[in-house]
Amino acid sequence: MNKVVFIVGPTAVGKTQLALDLAHDVGGEIVCADSVQVYRHLDIISGKDLPPDYKLHAGHYISNSSAPIHLLDVVDPTTSFTVFDFQTLATKAIDSILNNNKLPIVVGGTGLYVKALTDGLEINVKPDLEDRKSVV
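Attention in this report is confined to the structure presented alongside it. None of these values were measured; they are calculated from a predicted model.

**Looking at the pattern of salt bridges**
Alright, step 1. For the structure shown, the criterion picks out two salt bridges.
Alright, step 2. A salt bridge links Arg 40 to Asp 76, with the nearest nitrogen and oxygen atoms 3.2 Å apart. One end of the pair, Arg 40, is in the loop between strand 2 (28-32) and helix 2 (43-46); the other, Asp 76, is in the loop between strand 5 (69-70) and helix 3 (83-99), and 36 residues separate them in sequence.
Alright, step 3. Assessed through its relative accessible area of 30%, Asp 76 is described here as partly exposed.
Alright, step 4. Across the pair Asp 119 and Lys 115 runs a salt bridge whose closest N-O atoms are separated by 2.8 Å.

Laid out in structure tokens, this is it:
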């Protein structure tokens, strides 16, 4: 039976460190479920608190001493990224982790992202940019 651990909660309560410790203890890999941390170049405002030895490689952060972290710095801030995009990428990451006989540890504070994984939301609606202009 495949299992996935979720560590969720508000900003700055220690979710990432708990996930890193757990991943080290049980042989897991981390999947980030944060709607701001998916964006590159927003390190300060997103609260990315990676240890200094983490380096981006092949779409995820790796370290010689800690577990890989998936779905950080996925897109540029000018790129649209939806919950459907997250669900698609996170599901692929989780499947890959499970296929490598590791424990996926989903970490974050974006409830809709977590809900997309736990409840299987089927959302893929294109935005109506003209309608948005009329509201602004």
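Picking up where we left off.
**Details of the packing of helix 3 against helix 4 (residues 111-119)**
Alright, step 1. Running from amino to carboxyl end, helix 3 crosses helix 4 at an angle of 55 degrees, the nearest separation of the two axes being 9 Å. It follows that helix 3 is oblique to helix 4 by the angle criterion. Along this stretch, helix 3 crosses helix 4, giving a crossing that reads as right-handed. Every residue of helix 4 that contacts helix 3 at Val 83, Phe 86, Gln 87, Ala 90, Thr 91 and Ile 94 is listed here: Leu 112, Tyr 113, Ala 116 and Leu 117.
Alright, step 2. Taken together, the residues of the contact of helix 3 with helix 4 sort by class into eight nonpolar, two polar and no charged.

Thresholds, definitions, all that
Residues numbered from 1 in each chain as written. Predicted model: local features only at pLDDT ≥ 70, side-chain atom pairs only at ≥ 80, totals over all residues. Heavy atoms only, no water. Salt bridge = Lys/Arg side-chain N within 4 Å of Asp/Glu carboxyl O. Helix = DSSP H or I, 4+ residues; strand = E, 2+ residues; numbered from the N terminus. Buried < 20%, exposed > 50% of the residue type's maximum accessible area, 1.4 Å probe, protein only. Axes fitted to C-alpha atoms, helices over the stretch in contact; angles between N-to-C directions. Parallel < 35°, antiparallel > 145°, perpendicular 65-115°, else oblique. Left-handed = near helix turned anticlockwise from the far one by under 90°. Contact = heavy atoms within 4.5 Å. Nonpolar A, V, L, I, M, F, W, Y, C, P; charged D, E, K, R; others polar.

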